[in-house]
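Observations on the three-dimensional arrangement
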Amino acid sequence: AEIQEPFDMDFKPEVREAGANAGIRERRKELVDRLEKAANKKANAVETSLFEDPAKVLAGFQTHDARAERTVKFEWWTPAKIAEAKFIDESKAVTLREDESQVAKQSEQGIKHMLESHGISTSKFGQGQAKKF
């Protein structure tokens, strides 16, 4: 015997006919990107000429992202052009001068503290065949 549930006359299904919502559309884009990257790796389609000829990198280059429909230009800037763009406020720059042994000592203590704070015992360093810290 079949059990029938009462039918709600005010029921509105949650099916959308307009297409995928933004979350699903983004997920599909990610999956397609991963598939394309995997295909490029298999086909060995990586542009290696930039890595083989440093002059091409020094001259600047462009890449085109077909999916995002945009082109990005990479170029080297002169120090004068960087200063003109004001990326760095050199008036606020401070030159640090520390004794190298003090820096090494502080970094050793910092590393030791970090290891111990993560539950890694440093007591066995330098014992038996273990190297010194």
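A brief structural summary. Values in this document were obtained by computation on a predicted structure and should not be read as measured data. (Residues numbered from 1 in each chain as written. Predicted model: local features only at pLDDT ≥ 70, side-chain atom pairs only at ≥ 80, totals over all residues. Heavy atoms only, no water.)

Some thoughts on the pairing of strand 1 (residues 61–65)
As judged from the five bridges shared by strand 1 and strand 2 (residues 70–74), these two strands associate in the antiparallel manner. Bridge pairing links Asp65 to Arg70 in strand 2. Remark: four residues form the turn of the hairpin made by strand 1 and strand 2, two consecutive strands paired antiparallel; Glu69 in that turn has positive phi of roughly 55°. (Pairing = 2+ DSSP bridges. Helix = DSSP H or I, 4+ residues; strand = E, 2+ residues; numbered from the N terminus.)

Some words on the packing of aromatic side chains
Using the criterion set out here, one finds two aromatic pairs in the structure. A centroid spacing of 5.1 Å and a plane angle of 20° characterise the contact between Phe61 and Phe74, whose relative ring orientation is stacked. With a gap of 13 residues between them, Phe61 in strand 1 and Phe74 in strand 2 connect regions that are remote in the sequence. (Phe/Tyr/Trp six-rings, centres within 6.5 Å; stacked < 30°, edge-to-face > 60°.)

Here's the deal with the pattern of salt bridges
This structure, assessed with the given rule, holds four salt bridges. For Glu75, the salt bridge goes to Lys73, with nearest N and O atoms at 3.6 Å. Take Glu75: its relative accessible area is 39%, and that puts it in the partly exposed class. For Lys73, a relative accessible area of 55% translates into the label exposed. (Salt bridge = Lys/Arg side-chain N within 4 Å of Asp/Glu carboxyl O. Buried < 20%, exposed > 50% of the residue type's maximum accessible area, 1.4 Å probe, protein only.)

Structural measurements only, silent on function.
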